[in-house]
Amino acid sequence: RATYKIYPNFSLEFSDVFLGDKLGVLAGVSSTRTMVEQNITSYDYAFDANRENNATEIPRLTYLQMTDAPKVTTRTNYNLRFDYKFSSNLSAWSRVDFNTYEAKNFRRDLVVFFNTPVITNDPAIEYSLSSQTVTAATVFPTAGFSFNKSGSTITFSSGASYKRGAFRVDVQGQFSRALSS
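Nothing here was measured: the structure is a model prediction, and the numbers come from that model. By convention here, each chain's residues receive numbers from 1 onward along its written sequence. Totals for whole chains, interfaces and linings use every residue, but because this is a predicted model, local features are given only for residues with pLDDT of at least 70 and side-chain atom pairs only at 80 or more, for both listing and counting. Only hydrogens and water are set aside; all other atoms, that is, all heavy atoms of the structure, feed into the side-chain values.

Quick word on the pattern of salt bridges
In what follows, salt bridge is the name for a side-chain nitrogen of Lys or Arg lying within 4 Å of a carboxyl oxygen of Asp or Glu. Under the counting rule described, the total for this entry stands at five salt bridges. Measuring nitrogen to oxygen at the nearest pair gives 2.2 Å for the salt bridge that ties R108 to D68. Linking R108 in strand 5 (residues 108-114) with D68 in strand 3 (residues 60-85), this pair joins segments that are 40 residues apart in sequence. As a salt-bridge pair, R168 and D170 come within 2.9 Å of each other at their nearest N and O atoms. Numbering of helices and strands starts at the N terminus; helices are DSSP runs of H or I of at least 4 residues and strands are runs of E of at least 2.

Section: the pairing of strand 3
In this description, strands pair whenever DSSP reports at least two bridges between them. Relative to strand 3, strand 2 (residues 23-46) is paired through 24 bridges, and the arrangement is antiparallel. For S42, the partnering residue across the bridge sits in strand 3 and is Q65. Pairing between strand 3 and strand 4 (residues 90-105): 15 bridges, direction antiparallel. In the strand pairing of strand 4, N77 is matched with N99. Between strand 3 and strand 4, which follow one another and run antiparallel, lie four residues.

Concerning a nonpolar patch on the surface
Patch membership requires over 30% relative accessible area and the absence of a salt bridge. Like charges are linked within 9 Å, and nonpolar side chains (Val, Leu, Ile, Met, Phe, Trp, Tyr) within 5 Å. Accessible surface area values rest on a Shrake-Rupley calculation with a 1.4 Å probe, where residue burial reflects the displayed protein chains alone. Together, F86, L90, Y162, F167, V169 and V171 make up a nonpolar patch on the protein surface, roughly 520 Å² of accessible area in all. Broken down by element, the residue count for the nonpolar patch peaks at three residues, all from strand 8 (residues 167-180). Secondary-structure assignment places V171 in strand 8.

Below you can see the structure in the form of structure tokens.
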């Protein structure tokens, strides 16, 4: 069955020119949030060693694990850019971006170990996997393996452009620093 989740995402941007159309300013912020979820079921069966009864043997469930792990991720960007036109031939720009990342994983597990039935050597009773009934189990509900991951990156970039007739030269540089926790 399909399920749907709605998360608000937004983007806001401002731009204008100043100083007689020589200075351009662009500022923005955006944020996105997503959610993904893992639903995993794993299990194991026990079989007897008798190959003669493979068609009729009913394997015994010995282990069952169910995992539910929703993960919410939020990404945000803040940016500011300046463009300056020194002359009709020369212009320069500079930009700073600050990006953040945060992931919250809430993993929950339910693990069930079905205890092995006690089998005696009573010849009057037929003991096989099809005649066994497991009446006890060990259950481990856990909320482990949850984690939070976050980080940020700041990027500085700048460039200039010079043109004269058909001749054009562009230069650009960039520097970034990242932090994760």
